Amino acid sequence: MNAAIHVENLTRRFQNLVAVDSISFDIEPGEIFGLLGPNGAGKTTTISMLSTMLKPTSGSATVNGMDIIHDEDGVRKSIGIVFQDQSLDEELTGWENMDFHGRLYRIPAETRRKRIDVLLALVELSDRKDDLVKTFSGGMRRRLEIARGLLHEPKVLFLDEPTLGLDPQTRNHLWQYIATLNREKGITIILTTHYMEEADRLCNRVAIIDHGKIIALDSPQNLKEGIGGDVVTLRSENARAIALTLDDPWISRLEEHDGTVTLSLKNAEEHISGIITRLAAKGIPVESVSIHKPTLEDVFLCFTGKTIREEEADHRDMVRMFQRKARR
C-alpha cells in the first residue's frame with residue numbers, strides 16, 4: 001500500500017534560519033500521525049509545505065501520490081486543513097460558512113446540503129447552524145472548522161494545533177471527535193501539537209521535532225518504553241552530587257537538569273529506599289522524590305536534555321535576537 005504522505009529530505013529556510021531541516025517520514029493511509037514539539041520547532045512550517053501553502057527550499061513530498069510542488073491543485077483538492085488561527089467568517093452563520101466552503105469546491109447543491117447536515121450533526125452543531133459564528137465558543141468554532149474541512153471529503157486532514165487555547169474539557173471532547181472521524185471515515189490525519197497527552201492519546205505514531213529536525217519517531221508506547229522502566233525524579237540543591245553518586249548498572253539513564261536528577265530504572269520501588277539511604281549517608285540533601293511511568297515529556301527530555309517549555313523559551317529568545325539583527 002502506498003503511503004498517504006511521503007516526505008524526503010524536506011527543508012525550508014528563512015534567510016539564516018533553518019525552520020525545517022531535511023526531514024523524512026511516511027504516513028500510512030488511515031493513520032493518525034502527530035508532529036510533537038515546542039512552538040517554533042518547525043511543525044507549522046512542515047504542515048504549510050505539505051498543504052502547498054509554502055514552497056520548500058529543497059527536498060520533496062507527495063500527498064495522496066501527488067507532488068506538492070508539481071501538482072499543487074491535485075494536492076489541495078484531496079486534503080482538508082484546520083489552521084492554527086481561526087479562518088471562519090464571524091458574520092456568517094455556521095451553515096453559511098459550510099455552504100460557502102462547499103461552493104468554493106464546486107460541490108453540487110443537493111450533495112452540499114446533505115453533507116453539511118451530516119457533518120454538523122457529527123460535531124453536534126445542528127442546533128446552532130443558523131446562529132452567527134461570532135456567538136460561538138472557542139470549542140464550537142474549532143468543531144465547525146473541522147466539519148468544514150471535511151465537507152469536500154478529503155483523504156487527508158491536516159490539523160495544526162487543533163486544541164490550542166481550549167479548556168481541558170473542550171479539548172477532551174475534540175479529541176473524541178478526531179478519533180471518531182478517523183475510525184468511521186478512515187481519514188488519514190496529521191496533527192501538530194505541543195500537548196504531550198494529546199499526542200499520547202490520539203496518535204498511532206509520533207514524530208518528535210525540535211529545531212527543525214525529527215529526533216525520534218515511533219508509536220507513543222514504543223517511545224516511552226525505549227526509556228526503560230520507571231522514572232524517578234529527585235529534587236535537590238546539590239543535584240550534581242546526586243548525579244556523581246548514582247552510577248549503578250541498574251540505572252539505564254540519568255539526567256541532571258535544573259536542580260533535579262531524573263533516573264530511569266526497572267522496579268523503582270525496590271531501589272528507592274537504598275538510593276535515599278546512600279545519599280543521606282553522604283550528606284546530600286533530597287528535597288522531594290517522585291516515581292512515575294515514562295511520559296512523552298520524559299522522552300523529549302531524554303533526547304534533548306530540556307523540557308518542551310524550556311525549548312519554547314529558547315525559541316522566543318532566538319526570535320527576538322533575529323528581530324534585533326533585522327532592525328540594524
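To be clear, the structure that these remarks concern was listed above.
Since the structure is predicted, the reported quantities are computational estimates derived from the model, not experimental observations.

Analysis parameters
- Residues numbered from 1 in each chain as written.
- Predicted model: local features only at pLDDT ≥ 70, side-chain atom pairs only at ≥ 80, totals over all residues.
- Heavy atoms only, no water.
- Axes fitted to C-alpha atoms, helices over the stretch in contact; angles between N-to-C directions.
- Helix = DSSP H or I, 4+ residues; strand = E, 2+ residues; numbered from the N terminus.
- Parallel < 35°, antiparallel > 145°, perpendicular 65-115°, else oblique.
- Left-handed = near helix turned anticlockwise from the far one by under 90°.
- Contact = heavy atoms within 4.5 Å.
- Nonpolar A, V, L, I, M, F, W, Y, C, P; charged D, E, K, R; others polar.
- Buried < 20%, exposed > 50% of the residue type's maximum accessible area, 1.4 Å probe, protein only.
- Pairing = 2+ DSSP bridges.
- 1 Å grid on protein atoms, 1.4 Å probe; cavity = no way out; pocket = protein on both sides within 12 Å on 5 of 7 lines; lining within 4 Å.
- Points joined across faces, edges and corners; volume = space filled by probe spheres on them.

(A) Region of interest: the packing of helix H5 (residues 138–149) against helix H6 (residues 168–185). Two elements in contact, H5 and H6, have axes separated by 10 Å at closest approach and are oriented at 15°. If you check the angle between H5 and H6, you find them roughly parallel. The crossing of H5 and H6 is right-handed. In this structure, H5 contributes Gly139, Arg142, Arg143 and Ile146 to the contact, and H6 contributes Thr170, Leu174, Tyr177, Ile178 and Leu181. For the contact of H5 with H6, the per-class residue count stands at five nonpolar, two polar and two charged.

(B) Structural context of helix H1 (residues 43–50). For H1, a buried count of seven out of eight residues is recorded, marking the element as mostly surrounded by other parts of the structure. Those residues of H1 lying buried are Lys43, Thr45, Thr46, Ile47, Ser48, Met49 and Leu50. Trailing H1 by a residue or two, Thr52 shows a phi angle of about 70°, which is positive.

(C) How the structure looks around the pairing of strand S7 (residues 156–160). Across the five residues of S7, five count as buried, placing the element largely inside the fold. Residue alternation in S7 divides its side chains into two sets, Val156, Phe158 and Asp160 and Leu157 and Leu159, and both sets are buried. With four bridges joining them, strand S6 (residues 79–82) and S7 adopt parallel strand pairing. Among the inter-strand pairings, Gly80 is bridged to a residue of S7, identified as Leu157. One ladder, built from five bridges, connects S7 with strand S8 (residues 188–193); its direction is parallel. By the bridge assignment for S8, Asp160 is matched with Thr192.

(D) Main features of the sheet that holds strand S5 (residues 66–67). If you trace the four strands from one edge of the open sheet to the other, you get S2-S1-S4-S5, paired in antiparallel fashion. With one partner strand each, in any of the chains shown, strand S2 (17–27) and S5 form the two edges of the open sheet. Relative to strand S4 (residues 58–63), strand S1 (residues 5–14) runs antiparallel, the two being bridged by five bridges. The partner of Thr11 across the bridge, within S4, is Ser58. Packed on one face of the sheet, H1 meets S1, S2 and S4 and runs near 115° to S1.

(E) Layout of the environment of Arg141. Here Arg141 is to be found in helix H5. With relative accessibility at 14%, the residue Arg141 sits in the buried group.

(F) Fine view of unusual backbone geometry. Although it is not a glycine, His211 adopts a positive phi angle of roughly 55°. Looking at the secondary structure, you find His211 in the loop between strand S9 (205–210) and strand S10 (213–218). Exposure remark for His211: the relative accessible area of 47% places this residue in the partly exposed category. The backbone of Asn267 shows a phi angle near 50°, a positive value even though the residue is not glycine. Here Asn267 lies in the loop between strand S13 (260–265) and helix H10 (268–281).

(G) Structural context of empty space enclosed by the protein. Enumeration over the complete set of coordinates arrives at two cavities of 30 Å³ or more. Taken together, Met49, Thr52, Leu54, Lys55, Pro56, Ile68, Ile69 and Glu72 make up the lining of the second largest cavity. The residue makeup of the lining of the second largest cavity, split by class, is five nonpolar, one polar and two charged.

(H) Local environment of the layout of surface pockets. Here the second largest pocket is characterised by a volume of approximately 250 Å³. If you trace the second largest pocket, you find 13 residues lining it, with Thr233, Thr260, Thr262, Leu301 and Thr307 closest to the centre. When contributions to the lining of the second largest pocket are tallied by element, the ones reaching two or more residues are strand S11 (230–235), S13 and helix H11 (296–304). Class assignment of the residues belonging to the lining of the second largest pocket gives a composition of one nonpolar, seven polar and five charged.

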